[in-house]
Every structure is written in structure tokens, then in C-alpha cells.
Amino acid sequence: MSEITQARSGSGAADEPARNGEPRLSRELSNRHIQLIAIGGAIGTGLFMGSGKTISLAGPSVIFVYMIIGAMLFFVMRAMGELLLSNLNYKSFADFAADLLGPWAGFFTGWTYWFCWIVTGIADVVAISGYVNYWWHGAPLWIPALGAVVLLVVLNLPTVKAFGETEFWFALIKIVAIVALVVVGLVMIFSHFTAPGGAVAQFSNMWNDGGFFPTGPMGFVAGFQIATFAFVGIELVGTAAAETKSPEKNLPKAINSIPVRVALFYVVALIVIISVTPWREISADHSPFVAMFSLAGLGIAASVINFVVLTSATSSANSGIYSTSRMVYGLAHEGDAPRLFGRLTSRRVPANALLLSGLFLLTGVVMVAAGSSIIEAFTIVTTISSLCFMFVWSIILISYLVYRRRRPELHEASTYKMPGGVVMCYVVLAFFVFLIWAFTQKHDTLQALLVTPVWFVVLGIAWAVVRRRPSHVARLEAFRTQLTR
């Protein structure tokens, strides 16, 4: 959980040195940074790399899968937004979880979110290896994986503004690529492009082969696993709140744009892909984005798109190493992590926490060196990540329910109320239960589902040790005092 660095009355306090002489996190992320970070979080590796498998499982109904998940997570984001803005001393959702649910919730949320992004970063490192293999056939996969980890650490060491600029351009590349895909796809559809296999590009490909649900109800259900992973990171703006200028204006803007992003970047793109290439011909093992440009005979364009999806995976991992370093930094200030990770450099970057995350990302290098299938490793890792993110999203919703019960006056005074309120919290929580059930329906996702509880057992043991330490108790009291200022 983050150190309290700003009073309610202004946003510049975070730029001042702390009273004890130590530097604090700096508010250097502008509106354009936070908007593009939010877009980057919504357009994940799951869309570029995992959508091929999702389409093969669910057929055209994958469009409804993405729409449903996007709608549900919009309400999670609105709940998070109202909570963060109810007290500007909250610097992340781990802060309000600790305040509203108790210290245990802050500990479990903070470390689980760290674990979420470490696992996601590993999946991204695995994906990066697969993308590089497009050009570098036969090369050892661990070489690009190792290079990616080193690059990510170097990108995040200078300043938070450097991270913001990097993520801004990564996200912009993704936006341009998806818009280009939609435009090229529409040209192919309206010109009735004919593939070498005889398939004609037309909108009727959406329903002329078994309808919208050709694989049946269970095929539709199976599509939710990889699709869920495509949305992980959507809550990243909540982690960046402590380093965002004017959060009262910029956070609502970023959150409110989520439905538009889902409609454009997921739904429209997938409609075009399935219209150009009948769903049965889309490979589960390759990115349909690259395949569509290759089909159009645009060999160079296909290489460019492969570069784009490579930057997308790098962007996701970049966000992950940023968010994990900030979360561990906050945990250290709460007493939930070693004090070593609570130190900042002269440029106000938590370098020790950053290096810790980079060290764990090396697991991805080991996975690609030892494994035989990129997509198999990707599926298992993404399922674990999705389950842990669902825990974090659920904590956000439960915190909101407690907030509504205990602090109704803050809700009444809020200018950014969550639509649907308490009712929608229960609807989304029920949806998460459905997702867990969906993960039991396939062997590979079931394996990951059975392994994930081990993490929470480890956390439970760690909490039993940490909560009794005098240093933890002292820092917890300081945290509570700062929240009330």
C-alpha cells in the first residue's frame, strides 16, 4: 500500500520531500499519459495472441464474450474510481481495501496484485519469444525472453515520466495498428477478397457456418478464459493514482472511456477478422492479426503487425513491472514487505522493488527454455493470472459494499457515483463465480485453477507471521493516522 503523499486540498504535495527527509513518489503522469496507460491496459496480449484460440473455441460468439467481460469490468472500474476519489489519501485499491476491510485485505490485495502482474509479465515474456521467432526461426527462445526482461528494467529505472512516455507510445502503436487492421479488413470485405483456399471475405462469415454459436453453449463458455486475460491490467489507472496529476479530473476520464475502447478495439476488430477469414480457418496457435495481413498479400505489413503485437506484449510487461514495483514499495511502507523495498532513488523511483520484479520475470525465460509449446505455456500462465486478478477485482467490489454501508455520507457527496451501485456489485461478483466454473471445463485451465490456491495458502502463512511484528503494527498505525488527515 502506498505511502500517503498528498492532502485532500491539492495535488502538488507529492512533489515535496517527506518530513523525514526521504523522497516521495512524484505526480508526473499527465492526462495524456493516464489516458494511454488506460488504453494500454485494456488492449492486452490476450487480444493479440490469445484471440486466435478464443475464436477457435467459441466461434463468432467470441464477440459477445468480450462485450460481456468488458461491461462487467466497467462496473469494477467505476467502483474503484468512486472509492479512490472519496479520499485522495488513497493511492491504490490496496489502500482502501486495508482501510475498509482491515489490514489483512491490504496485505492479501497488495501481494496478490504483485503476483498477478508477475505472472502476467511471465506470460508476456513467453509471448515475446513467440513473436521474435516469427523473424528468427530456430533461434533459442530464451534469448529474446532474457533481452525483454533486461529492457523492461532499464525502461523503468529513470523516472515515472519515462515510464509514462514509453507506455504512451506503446499504446499509440497498438491503437494505430488496430485502426489499420479495421480499415484494411473493411476494404477486403467490401471488395469481396477471395483467399487462396476459396473463402470470400464477407460479413456473412459471421453466421453462415453454424450461426453465432457454432460450438454450442460450452464452446461459448470456454471462450471466457483467454478473453478474461485480455482485460487484465484494466485497473492499472488505479495503481497509477499516486503519480497522476489532478486525479479528480483524469481518473474519471480514463475510466469512462472503457466502453468505447472495448467496442472499438475488441468488438469491431474481431468482427473484421472473422468476416475476412471464416472462423474455422483461424489458427489457435497464431495471432489472427498477423494472419489477416499475410492473407491480404501484404507480407511487409504482416511483419509490421508482428512488430506491433511484439510491442503490445512489451507494453503489457512494462505496465506490469511498473505496477508491481509501486505495489511492493507501498507494502514496504505499510510494514507488509521488507523496508529495503520502500526506498526511492534520487529520481523518486523504487529501484529495489523494481529489481525484485525483474528478478521474478526471469521465470518466463526458464519456461520458454524448458517448454515445447508457446501457446500451452501461455494458456496455463494466463489462467493463473486471470484467477488472481479476479480476486483483486472482487476485493474492490467488496470494499465498495462496505464503503456504502459504513460511509453513506461520502457516497452522497461523491460526484462520481458508481452506476447500479450495490446491485451491480452483486451481479459482477456472481459473474466472477461463473468465470471460475468456466475455467473448470477445460483440462489446461482446470490445472491452473487447482494450482492457484497454493498462492493464497502461502500468503496466509506469511500474514500470520507479519501481523505480529512490532514494526508492522507501528507502521499500520501511522498509515491509519495519515488516512484521516
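Bear in mind that the values here come from a model prediction, so they are computed numbers and not experimental data. (Residues numbered from 1 in each chain as written. Predicted model: local features only at pLDDT ≥ 70, side-chain atom pairs only at ≥ 80, totals over all residues. Heavy atoms only, no water.)

Asker: I would appreciate a short explanation of the overall build of the chain in the present structure.
Answerer: Within the chain, the secondary structure is distributed over 22 helices and 0 strands. When the 485 residues of the chain are sorted by exposure, 61% land in the buried category. When contacts within the chain are restricted to residue pairs at least 6 apart in sequence, those whose partners lie at least 24 apart make up 81%. For the chain, the exposed surface amounts to about 17,700 Å²; the carbon and sulfur share of it is 68%. (Helix = DSSP H or I, 4+ residues; strand = E, 2+ residues; numbered from the N terminus. Buried < 20%, exposed > 50% of the residue type's maximum accessible area, 1.4 Å probe, protein only. Contact = heavy atoms within 4.5 Å. Areas by Shrake-Rupley, 256 points an atom, 1.4 Å probe, with all protein chains shown as cover.)

Asker: Teacher, can you tell me more about the packing of helix H20 (residues 443-451) against helix H21 (residues 453-466) here?
Answerer: Each pair of packed helices can be summarised by the angle the axes make with each other and by the distance between the axes. As a packed pair, H20 and H21 sit with axes 4 Å apart at the nearest point and diverge in direction by 10°. Relative to H21, the element H20 lies roughly parallel. Residue-level contacts link Leu449, Leu450 and Val451 of H20 to Pro453, Val454 and Trp455 of H21. When the residues that make up the contact of H20 with H21 are grouped by side-chain class, the tally is 6 nonpolar, no polar and no charged. (Axes fitted to C-alpha atoms, helices over the stretch in contact; angles between N-to-C directions. Parallel < 35°, antiparallel > 145°, perpendicular 65-115°, else oblique. Nonpolar A, V, L, I, M, F, W, Y, C, P; charged D, E, K, R; others polar.)

Asker: I keep staring at unusual backbone geometry and nothing clicks. Help me out?
Answerer: Most peptide bonds take the trans form, and the phi angle of most residues other than glycine is negative. Non-glycine residue His192 carries a positive phi angle of around 55°. Inspection of the secondary structure puts His192 in the loop between helix H8 (160-190) and helix H9 (216-222).

Asker: Would you mind showing me how to read helix H3 (residues 51-58) here?
Answerer: Because the α-helix completes a turn every 3.6 residues, residues three or four places apart line up on one side. Judged by how many residues are buried, H3 sits mostly within the fold: 6 of 8 residues are covered. Those residues of H3 that sit buried are Ser51, Gly52, Lys53, Thr54, Ile55 and Ala58. Gly59 sits one or two positions beyond H3 and adopts a positive phi of about 70°.

Asker: Would you mind showing me how to read the environment of Leu181 here?
Answerer: Note on placement: Leu181 falls in helix H8. In this structure Leu181 comes out as buried when scored by relative accessible area, which is 0%. Taking the C-alpha atoms as reference, Leu181 lies 8.4 Å from Ile273; in sequence the two are 92 residues apart. What Leu181 contacts, discounting residues up to four positions off in sequence, is Ala269, Val272, Ile273, Phe289, Met292 and Phe293.

Asker: What should I look at first to understand the pattern of salt bridges in this one?
Answerer: Close approach of charged atoms allows side chains with opposite charge to pair. One pass over the structure, following the stated rule, counts 2 salt bridges. Between Arg407 and Asp99 there is a salt bridge whose closest N-O contact spans 2.9 Å. Within this pair, whereas Arg407 is found in the loop between helix H17 (374-406) and helix H18 (408-413), its partner Asp99 is found in helix H5 (residues 93-101), the two being separated by 308 residues in sequence. Accessibility expressed as a relative area gives 22% for Arg407, which makes it partly exposed. A relative accessible area of 22% places Asp99 in the partly exposed class. When the shortest N-O distance is used, the salt bridge between Asp209 and Arg280 registers 2.6 Å. Taken together, the positions of Asp209 in the loop between H8 and H9 and Arg280 in the loop between helix H13 (258-276) and helix H14 (288-295) put the pair 71 residues apart, joining distant regions of the chain. On the basis of relative accessible area, Asp209 is assigned to the partly exposed category, the value being 25%. Taking the relative accessible area as the measure of exposure, Arg280 reaches 54% and is therefore exposed. (Salt bridge = Lys/Arg side-chain N within 4 Å of Asp/Glu carboxyl O.)

Asker: Before we go on, may I ask you to explain H21 in this structure?
Answerer: End to end, H21 covers 20 Å across 14 residues, agreeing with the expected 20 Å (1.5 Å per residue, within 8%). Within the sequence span of H21, burial applies to Trp455, Leu459, Trp463 and Val466. When H21 is viewed along its axis, its buried side chains cluster within an angular range of 70° and face the same direction. Of the exposed residues in H21, those oriented more than 90 degrees away from the buried face are Val457 and Ile461. (Expected span 1.5 Å × (residues − 1). Arc of directions from axis to C-beta.)

Asker: Teacher, can you tell me more about the confidence of the model for the chain here?
Answerer: Predicted coordinates in areas of low pLDDT are best not read in detail. Confidence along the chain averages 78 in pLDDT terms, with 81% of residues attaining 70 or more. In the predicted structure, residues 1-21 sits below a pLDDT of 50 and forms 57 contacts with residues beyond four places in sequence or in another chain. (pLDDT = per-residue confidence, 0-100.)

Asker: Could you clarify how one ought to interpret the nonpolar core in this entry?
Answerer: Of all hydrophobic cores here, the largest spans 133 residues; its most connected members are Phe96, Trp111, Phe231, Trp393 and Phe432. Ranked by residue count, the leading element in this core is helix H6 (residues 103-132), at 18 residues. (Core = buried A, V, L, I, M, F, W, Y, C linked by side-chain atoms within 4.5 Å.)

Asker: Looking at this model, I keep getting lost on the environment of Val232. Mind explaining?
Answerer: Tracing the backbone shows Val232 in the loop between helix H10 (224-230) and helix H11 (236-239). Here the alpha-carbon distance between Val232 and Thr382, two residues 150 residues apart in the chain, equals 9.5 Å.

Asker: In this structure, what is going on with the packing of aromatic side chains? I would like to understand it.
Answerer: Centre distance and the angle of the planes are the two values used to describe a pair of aromatic rings. All chains considered together, the criterion is met by 26 aromatic pairs. When the ring of Phe115 is compared with that of Trp455, the centres are 4.2 Å apart and the planes differ by 10°; the resulting orientation is stacked. With a gap of 340 residues between them, Phe115 in helix H6 and Trp455 in helix H21 connect regions that are remote in the sequence. The exposure classification of Phe115 matches that of Trp455, with both residues buried. Residue placement shows Arg78 over the ring face of Tyr416; its charged tip is 4.0 Å from the ring centre. (Phe/Tyr/Trp six-rings, centres within 6.5 Å; stacked < 30°, edge-to-face > 60°. Lys NZ or Arg CZ within 6 Å of the ring centre and 35° of its normal.)

Asker: Help me out: how do you make sense of the environment of Val221 in this one?
Answerer: Relative to the elements of secondary structure, Val221 occurs in helix H9. The exposure class of Val221 is buried, given its relative accessible area of 7%. Along the backbone, Val221 and Lys442 are 221 residues apart, and their C-alpha atoms lie at a distance of 9.9 Å. If we ignore the near neighbours within four places in the chain, the residues touching Val221 are Phe434, Trp437, Ala438 and Gln441.

Asker: Even after reading the chapter, I still don't get the state of the cysteines, so can you show me in this structure?
Answerer: Here, the word disulfide means a covalent bond between the sulfur atoms of two cysteines. All chains considered together, the criterion is met by 0 disulfides. No disulfide involves Cys116; its nearest neighbouring cysteine sulfur is the one of Cys388, lying 4.7 Å away. (Disulfide = S-S within 2.5 Å.)

Asker: Mind showing me how you'd approach a nonpolar patch on the surface here?
Answerer: Judged by side-chain polarity, Trp135, Trp136, Trp142, Ile143, Leu146, Val150, Val154, Phe307, Leu359, Phe360 and Leu362 come together as a nonpolar surface patch covering roughly 1,000 Å² of accessible area. Residue assignment for the nonpolar patch shows that the elements contributing at least two residues are helix H7 (142-156) and helix H16 (351-370). Among the elements that take part in the nonpolar patch, H7 stands out by supplying 5 residues, more than any other. Here Leu362 lies in helix H16. (Patch = residues over 30% accessible without salt bridge, like charges linked within 9 Å, V, L, I, M, F, W, Y side chains within 5 Å.)

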